[in-house]
Amino acid sequence: MTGRSLRYPMALLVSVLMLLLVAGCGGSGGTGATLTAISISPNMPTLPVGATQQFNATGFYSDGSSSDLTSSVTWRSSDTTVATITAAGVLSVSTDPASVGKTSKISVALNGVPGSTLLTVIPQGVINGATSWFTTGSPTGVAVASFQNVSSSGNVFVTDSTNNMLHVYNSVGTPIASWPTVGAPDGVAIDPLNNLYVIDISNNLVRKFNASGTQSTSWSTTGTPSGVAVDYSSGTVYVYVADSLDKMLCKYDANGTFITSWSTTGTPSGVAVDYSGNVYVTDITNSLLRKYSSDGSGTQTASWSTTDYAYGVAVDHSNYVYVTDYLGETIRKYDTFGNFATTLFPPAGYNPYGVALDTAGNVYVTDLFHNLLYKYNQSP
């Protein structure tokens, strides 16, 4: 699901985050205001061995205002064998397995005013009830080879927007293969024959690869493509692409022949199709999930609110819908009518982005800025 001009979804994400940051800063204190306290986020973090994490410092002033002090304070880690931290607040946890269970006090100071929090190191494989593994580069989209009634490998495919690659893992995170995708890959979807459809947001293309990484075709999309999904509900492969620039949803056949399109409200990003052919589209502008009919007419049958920043979306074999909430740091689960079912929580400070499911109901979620893929063991 990501490219790098304000036309693209990733740049839009950064813009939204910056606006929120500016809105929350409240300046650096009014005339005569003095710094009274400094808080650090994330607070009381638990991070796995080898992880990196951006920490932020917020100053509070005597006049009630606040200010971002991340680049102004002096950062320290009390135990540099456990973790080190840069002057910009970027923390690196030791890769030594012996660090598991250890702690380090992360502290800051400015003008004699201190602030601190405590880091605890945990195993890479167990995080808040989920397993996880590190990926190469910045993981964006994720797809799993797992169609009902179709023989599939169960392998996990992850796009890497930093290195313009697609990485293949087995279901427990062992690397299998990688290949270049050309351009900046974002969303990825897979069909029952294990053909992969990868969004290239640098060139406004959909690229089709076989399971060995050979590109068989590509086609241009209108506007800026973001999410992509495969529909096999009728026994024929159709490909849906969300166009975040023109606020459209476009439908193609498996070889890129255009079939139809329709307008969506807001900014579409992620797209998924359930096993009845209904199409679900996240609207990141309005924090909504929109549901459309299966006939491709563009008739919106429902919409419901999500919290904060709705980005990725996937549907399991019981037609439960999973939505990644980037700013809220959660994955939310709804039934097909929009009724809230449950929430999955990655660690505080992490950012769920792409999402996919396998036939067993396991949920795979990419964490864009921490180079991680989470696997939640969820029944459908």
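All values reported here derive from a predicted model rather than from experimental measurement.

## Considering the pattern of salt bridges
Consideration 1: Applying the stated criterion across every chain, the model contains three salt bridges.
Consideration 2: A salt bridge links R290 to D283; its shortest N-O distance comes to 2.9 Å.
Consideration 3: With a relative accessible area of 7%, R290 lands in the buried category.
Consideration 4: A salt bridge links D325 to R332, with the nearest nitrogen and oxygen atoms 3.3 Å apart.

## What about the confidence of the model for the protein chain?
Should pLDDT be low for a region, the predicted coordinates there are not to be read in detail.
Consideration 1: Confidence in the prediction of the protein chain, expressed as mean pLDDT, is 81, and 85% of residues score 70 or more.
Consideration 2: With pLDDT under 50 throughout, residues 1–9 is counted as low confidence; its partners more than four residues away or in other chains account for 42 contacts.
Consideration 3: Contacts of residues 11–30 to residues separated by more than four positions or lying in other chains number 33 contacts, the stretch itself having pLDDT below 50.

## Quick word on the sheet that holds strand β16 (residues 185–190)
The pairing of strands in a sheet comes from backbone hydrogen bonds and takes either a parallel or an antiparallel form.
Consideration 1: Taken in spatial order, the four strands of this open sheet run β16-β17-β18-β19, and their pairing is antiparallel. The strands lining the two open edges of the sheet, one partner per strand, are β16 and β19 (215–220). Across the sheet, the mean angle separating the axes of adjacent strands is 20 degrees when strand polarity is ignored.
Consideration 2: Sheet topology places strand β18 (residues 205–209) next to β19; five bridges connect them, and they run antiparallel. Its bridge partner lying in β19, K208 is registered against T217.

## So, the sheet that holds strand β30 (residues 330–334)
Consideration 1: As summarised here, the arrangement of the four strands in space is β28-β29-β30-β31, forming an open sheet in which the pairing is antiparallel. Every other strand in the sheet has two partners, leaving β28 (310–315) and β31 (340–344) as the edge strands with one partner each. Here the strands of the sheet are splayed against their neighbours by 25 degrees on average, with no regard to which way each runs.
Consideration 2: Strand direction decides the pairing type here: β30 and β31, joined by four bridges, are antiparallel. By the bridge assignment for β31, Y334 is matched with F340.

## Considering the environment of L118
Consideration 1: With respect to the secondary-structure elements, L118 resides in strand β10 (residues 113–122).
Consideration 2: You can call L118 partly exposed: its relative accessible area is 31%.
Consideration 3: The spacing of L118 and T103 is 15 residues in sequence and 6.7 Å in space, taken between C-alpha atoms.
Consideration 4: Not counting the four nearest positions on each side in its chain, L118 is found in contact with M44, P45, T103, S104 and K105.

## Some details on the side chain of N155
Consideration 1: Mapped onto the elements, N155 comes out in the loop between β12 (139–144) and β13 (156–160).
Consideration 2: On the basis of relative accessible area, N155 is assigned to the buried category, the value being 17%.
Consideration 3: Filtering out sequence-adjacent residues up to four positions away, N155 remains in contact with A143, V144, A145, V168, Y169, N170 and I176.

## Some remarks on the packing of aromatic side chains
Consideration 1: Overall, the coordinates contain 13 aromatic pairs when judged by the stated rule.
Consideration 2: Seen in terms of ring centroids, F55 and W75 are 6.5 Å apart; in terms of plane orientation they differ by 70 degrees. Their pairing is edge-to-face. With a gap of 20 residues between them, F55 in the loop between β3 (52–54) and β4 (56–61) and W75 in strand β6 (residues 74–77) connect regions that are remote in the sequence.
Consideration 3: With a centroid separation of 6.4 Å and an interplanar angle of 65 degrees, the aromatic rings of Y280 and W304 are classed as edge-to-face. In this pair, Y280 sits in strand β25 (residues 279–283) while W304 sits in strand β27 (residues 300–305), placing the two residues 24 residues apart along the sequence.
Consideration 4: Cluster of aromatic residues (ring-pair linked, three or more members): Y197, W219, Y252 and F258.

Criteria and thresholds
Residues numbered from 1 in each chain as written. Predicted model: local features only at pLDDT ≥ 70, side-chain atom pairs only at ≥ 80, totals over all residues. Heavy atoms only, no water. Salt bridge = Lys/Arg side-chain N within 4 Å of Asp/Glu carboxyl O. Buried < 20%, exposed > 50% of the residue type's maximum accessible area, 1.4 Å probe, protein only. pLDDT = per-residue confidence, 0-100. Contact = heavy atoms within 4.5 Å. Pairing = 2+ DSSP bridges. Helix = DSSP H or I, 4+ residues; strand = E, 2+ residues; numbered from the N terminus. Axes fitted to C-alpha atoms, helices over the stretch in contact; angles between N-to-C directions. Phe/Tyr/Trp six-rings, centres within 6.5 Å; stacked < 30°, edge-to-face > 60°.

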